[in-house]
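# Understanding the architecture of this molecule
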Amino acid sequence: MSVLFALEIIGTVAFAVSGAIVGMRKKMDLLGVAMLGMTTATGGGLLRDLMLSITPPAVFQKPILAVTAIGVSFMVFFRPRDAAAEPKGTGQDKLLLLMDSIGLGLFTVLGVRTAQETVAGANAFLVTFIGVLTGVGGGLLRDLFAGNTPYIFVKHFYACASIIGAWFCILLWPLAGSFA
């Protein structure tokens, strides 16, 4: 297994937890929680691949990503109910923030890498845009499907962290070399 694939699986798990928690808060049934978890975990990559004309998108080339997201969402749905009844502002919020942060960081990096590998001579604007889209896209879709105002419009540093991360990747990857 390559390092990039391992990072993709970790990001998928993180964003699936995030999406499933939001689905649970919205009192969705098992299908709703699973679809919100999968959408959060795979949505940014799907949008990235559509923008870069990568067909079929990675989520269909590697269905293990969608299956992993659905499995993780099931585990969140079936966790002990006393943990699910936790009031907002407790450990559940911290877990949501942690999972969103992990997914955002990893998927921004993977988006930058995909743009650099896919588009010959890609400029920094394109690479940054694709990196950020990959990082925030799943959460954006999650929030829209859940009927919430998307994080990127209310948590000002959320998208900014993705932009800064993309810039660091662009600047440091030529120095560090490939780890794929």
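Use the structure listed above.
How each quantity is defined
Chains are numbered independently. Their residues run from 1 in the order of the written sequence. Only residues with pLDDT of at least 70 get local features here, since the model is predicted, and only at 80 or more are side-chain atom pairs given and counted; chain-wide, interface and lining totals rely on the full set of residues. Side-chain metrics rest on all non-hydrogen atoms present in the structure, leaving aside hydrogens and water. By the criteria applied, helices consist of DSSP H or I runs no shorter than four residues and strands consist of E runs no shorter than two, each listed in order from the N terminus. Residue contacts are counted whenever heavy atoms from the two residues lie within 4.5 Å of one another. Exposure is judged per residue with a 1.4 Å probe applied to protein chains only, and the accessible area is read against the type maximum: over 50% gives exposed, under 20% gives buried, and values in between give partly exposed. In plain words, nonpolar cores are sets of buried Ala, Val, Leu, Ile, Met, Phe, Trp, Tyr and Cys residues tied together by side-chain atoms within 4.5 Å. Axis angles are defined between N-to-C directions and span 0 to 180 degrees, where every axis is a line fitted to C-alpha atoms and, for a helix, only to the segment in contact. Should an angle lie under 35 degrees it is considered roughly parallel, over 145 roughly antiparallel, and from 65 to 115 roughly perpendicular; all remaining angles are considered oblique. Should the near helix be turned anticlockwise from the far one by less than a right angle, the crossing is left-handed, and should it be turned clockwise, the crossing is right-handed. Gly counts as polar in this scheme, as do all residues outside two lists: the nonpolar Ala, Val, Leu, Ile, Met, Phe, Trp, Tyr, Cys and Pro, and the charged Asp, Glu, Lys and Arg.

## Structural notes on the environment of V22
- Examined against the element boundaries, V22 turns out to sit in helix 1 (residues 3-25).
- Each C-alpha atom, one on V22 and one on N148, is 9.6 Å from the other, the two residues being 126 residues apart in sequence.
- Contacts of V22, omitting those with residues within four sequence positions, involve L36, L96, R142, A146 and N148.

## Observations regarding the side chain of S162
- When you line up the elements, S162 lands in helix 9 (residues 156-176).
- Judged by relative accessible area, S162 falls into the buried class, the value being 1%.
- In this view, S162 contacts L104, T108, G131, V132 and V136; residues no more than four positions away in its chain are not counted.

## Some thoughts on the nonpolar core
- Ranked by size, the top nonpolar core spans 25 residues in total, and within it F15, V17 and V76 carry the most contacts.
- Looking at this core, the elements with two or more residues in it are helix 1, helix 2 (30-51), helix 4 (64-77), helix 6 (91-118) and helix 7 (124-146).
- At nine residues, the largest contribution of residues to this core is made by helix 1.
- For V17, the residues in contact, after removing those within four places along its chain, are V72, V76, L95 and M99.

## Some thoughts on unusual backbone geometry
- Cis geometry marks the peptide bond from T55 to P56, where omega comes out at -15°.
- Residue placement: P56 occurs in the loop between helix 2 and helix 3 (58-61).
- With phi around 60°, K27 is a residue other than glycine that occupies positive phi space.
- Among the structural elements, K27 can be located in the loop between helix 1 and helix 2.

## Quick notes on the packing of helix 2 against helix 7
- One can describe the packing of helix 2 onto helix 7 by two numbers: an axis separation of 7 Å at closest approach and a directional angle of 140°. Taken together, the axes of helix 2 and helix 7 lie oblique to each other. Once helix 2 is placed against helix 7, the crossing between them reads as right-handed. Contact residues: L36, T39, T40, G43, G44, G45, L47, R48 and M51 in helix 2; F129, I130, L133, T134, G137, G138, G139, L141, R142, F145 and A146 in helix 7.
- Counted by class, the contact of helix 2 with helix 7 contains nine nonpolar, nine polar and two charged residues.

Spatial relationships are all this shows, so hold off on functional conclusions.
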